[in-house]
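Residues per chain are reported as follows:
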Amino acid sequence: MVSSAEALYIIESCLEDFRIDGRSRSEHRPYAISSRRSSSSSSSAKSSRKNDDDGKYDPVDSVASPLVLSNGSSRIHLPGSSTDVLCSVKADLVRPSPSRPDSGVCELSVDLSLWGGGGTATGPSGGGAARKRRRQREDESEISSLLSRLVLPHAVDYARLVVWPGRYVWRLSIDVVVLRADGCVLDACSIAMRAALIDARLPRVRALIDGGGGDGMGIGGGIGEGGGKGDLLVDGDIGNARPPPGAVGCPLVVTVSVLRAPPPSTYPSLRQYRSVPIVDARAEEEACASSRVCVSVDPDGVVCGVHTLGGGGAALSEDGDMEEDDDDVCVGNTGGGGSLPLAMLGDVVTAAAVASRNLYSLLDGDYWGDGKRGGANCEGVKRNVSVMANDGGGCYGHLLKGHFLIR
Amino acid sequence: NKKTIQGMASSTRRTDILSLIHLRSDGRRPHEIRHMSCHLGALPSTTACGSALPTSACSGSSLVTMGLTQVLCVVKGPCDVGRRSDELPDRAMLEVNMQTAPFAPPGDRRNVNPTTDRRLIEQSHLLQRALSASILLYLYPKCKISITVMVLADDGGRLEASINAATLALIDAGIPLKDMVCACSAGRWNAGGVDEIVVDLNRREIQAATGTGGGGGGGGGGTSDTIYLPVATMPQRGTIVLSQCESRLSGGAEALSLVLDAAMGGCQTVMEIMAAAVRAHGVGLSRAKEGRARVMLNEW
């Protein structure tokens, strides 16, 4: 819950392009991603990352993904803040749906049961808990439907997920567990999904259909090598496992919140609202937003989907009172519907596109691999900070100070 | 052994070679537990991060990994009970929920509904009983302490890992305990004619011992000589808090006491690892108070 004084402060600071944690309007927070390729660890992991630049997938890492029993997994967390999202990708071979016999399947499920710190899923519960559970399920279904509309259709190359057209296709089951999210749940979930998809390794499976030629995963046929017709040859060598095709093109969702300042009270006749879009809002900023737009952008800068969510949970009415709100609302549309002037929509989408470009470079540029480890490594920290300052993605050095946990 | 040398010519499996030198299927000796790592404060509480939303934070959390089994536990409390009819006048109410993530089983992905799965409900009750023996509940009358356990990866031994994780999460939350509750499993089977007692069984060994999956389904089945016994103890006091045996004991009471001793030895080892983790966490906190802390990313 944000008080009206805090809300005014937040809105004014955003208008000045200096948000409450020091970012500018289009800066993202420095998320840390643990997945097989970019987890921060020893130097051998660093050198293996250098090899990855020429397109070889180096399977031997000294660091394991966070969840070893899944085909791919990732964990997004924001050091020092309370964003923590786990995502796991598991793959198996199923029959394709009869309406689309030559495309793979992706399923998505979102789990919010640890969102409020757990509790009252099965235990003795009162009326409040039942309401909370229902709202949790509503939130879960809302997040998963939004993600499946904005991200899933472009997440992987479905046509190449086919192993045997009409008989066997890959089904990727994506499970997102949101442990905590400090604003921008959709952003964090989409980052986690993308990292997990890129991190996933599917074994090479060749289907033997009458001994036709062909190679590689997913392009039917195979050389008959001792298996009978109708068999599937699974290559057990993990070195030959490949990520799902097209996973690098998985889009990310950028949530742009529009904060609207009420008109100054000295000029009641001037009904002009000053609005400003900000990217990657924290929970307090989201609570003051008048509307939020989720834009899904893929690495080439193509916008894959736009969705408007309502107000952020509390709207400043004219006399400055805050409307009542419940705690633990993550996506919901409480507190007055959000409205967005049409002129702002263009600004919002442009801001999202720019921010997404920064976000992609942030995620792929591997800024977080080295240098943020222990007090002994301060030269590494300085080097890292100067690298970031030189790059166009903005300087994150001043943000890192407040974002660590004490060990 | 003669019988295995003949088998080696055709297709030697790794497990055959391992059993030659008396190692188990994952290369452990019979009295070794799996590699265990504990991490207190996996989800930082409000004091660690400056977030303005205290309601969505937890009091304590921990992440315990035993071999490939990974369990995350979150503790909230002591806080108000929702309904007046639930509150106990002289002690706190302990509420335990156990959930499995859909990606937890090592094979297929399975959506398990925590309200209807009997095994999960049973294990939640066992967890609750095991921990209420150790928490000083009488210090918080009319309050509720809620423990939520989420199994992230299940390779056998999820009840034991959950008990260990819950103990560490309670320590992280600062809730007073009489003693740490440590859990370990032990079993006995027939390996080449010799009864072997093993400690900390993984999923494959549990399946061999009980005839069904260790985590799902009911117990029973298996050959008459195999025993699988998860045990939770308070090692410093030497008392057993929980033990669950669903197999038929053919050797009588001596067999049970042998396996129980092995399990208590395993619990002692587990306690040493957990105590070391708690001390390391405490050292970090006291260094932070003095300003001498090393600052690192909160990686699991």
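Everything below is about the structure printed above this text.
Criteria and cut-off values
Residues numbered from 1 in each chain as written. Chains lettered and ligands numbered in written order. Predicted model: local features only at pLDDT ≥ 70, side-chain atom pairs only at ≥ 80, totals over all residues. Heavy atoms only, no water. Pairing = 2+ DSSP bridges. Helix = DSSP H or I, 4+ residues; strand = E, 2+ residues; numbered from the N terminus. Axes fitted to C-alpha atoms, helices over the stretch in contact; angles between N-to-C directions. Contact = heavy atoms within 4.5 Å. Parallel < 35°, antiparallel > 145°, perpendicular 65-115°, else oblique. Left-handed = near helix turned anticlockwise from the far one by under 90°. Nonpolar A, V, L, I, M, F, W, Y, C, P; charged D, E, K, R; others polar. Salt bridge = Lys/Arg side-chain N within 4 Å of Asp/Glu carboxyl O. Buried < 20%, exposed > 50% of the residue type's maximum accessible area, 1.4 Å probe, protein only.

*Asks:* Describe the sheet that holds strand 12 (residues 303-309) of chain A, naming the residues involved and giving the relevant values.
*Replies:* Residue and element names in this part refer to chain A. If you walk across this open sheet you meet the 4 strands as 10-9-11-12, and the pairing is antiparallel. Edge positions in the sheet fall to strand 10 (274-279) and strand 12, since each of these pairs with one other strand and no more. Within this sheet the neighbouring strands show an average axis-to-axis angle of 20°, counted without direction. Direction of pairing for strand 11 (residues 289-297) relative to strand 12: antiparallel, over a ladder of 6 bridges. Note that in strand 12 the partner of V293 across the bridge is T308. Each of strand 9 (252-261) and strand 10 touches helix 1 (residues 4-15); the most contacted strand, strand 9, lies at about 110° to it.

*Asks:* Before we move on, could you go through the packing of helix 4 (residues 158-173) of chain B against helix 6 (residues 253-290) of chain B and cite the residues and values that matter?
*Replies:* All names here are of chain B. Two numbers describe how helix 4 lies on helix 6: the axes approach to 11 Å, and their chain directions differ by 25°. Relative to helix 6, the element helix 4 is oriented roughly parallel. Judged by the twist between their axes, the crossing of helix 4 over helix 6 is right-handed. Side by side, helix 4 and helix 6 meet where N164, T167, L168, I171 and D172 of the first sit next to V270, M274, V278 and H281 of the second. Each residue belonging to the contact of helix 4 with helix 6 can be placed in one class, and the counts come to 5 nonpolar, 3 polar and 1 charged.

*Asks:* Before we move on, can you summarise the pattern of salt bridges with the specific residues and values?
*Replies:* Once their charged atoms are close, side chains differing in charge can pair, the charge on each being opposite to the other. The full count for this structure, using the stated rule, is 22 salt bridges over all chains. Between E286 of chain A and R292 of chain A there is a salt bridge whose closest N-O contact spans 3.5 Å. Since its relative accessible area comes to 3%, R292 of chain A is described here as buried. In this structure, R24 of chain B and E205 of chain B form a salt bridge, with 3.1 Å as the shortest nitrogen-oxygen distance. Here R24 of chain B, found in the loop between helix 2 (14-20) and strand 1 (36-40), pairs with E205 of chain B, found in helix 5 (residues 203-210); they are 181 residues apart in sequence, far enough to count as distant. For the residue pair R24 of chain B and E205 of chain B, the accessibility class agrees, reading buried in each case. Counted as one network, the salt bridges with shared partners bring together D21, R23, R29, D280, R282 and E284 of chain A.

*Asks:* Mind laying out the sheet that holds strand 4 (residues 93-100) of chain B, listing which residues take part and the relevant values?
*Replies:* All names here are of chain B. Here 5 strands make up an open sheet; going across it, the order is 1-2-3-5-4 and the pairing mixed. At either end of the open sheet lies a strand with only one pairing partner, and these are strand 1 and strand 4. Strand-to-strand twist across the sheet, computed as the mean angle between neighbouring axes with direction ignored, equals 15°. Note: strand 1 against strand 2 (residues 60-66), 5 bridges, orientation antiparallel.

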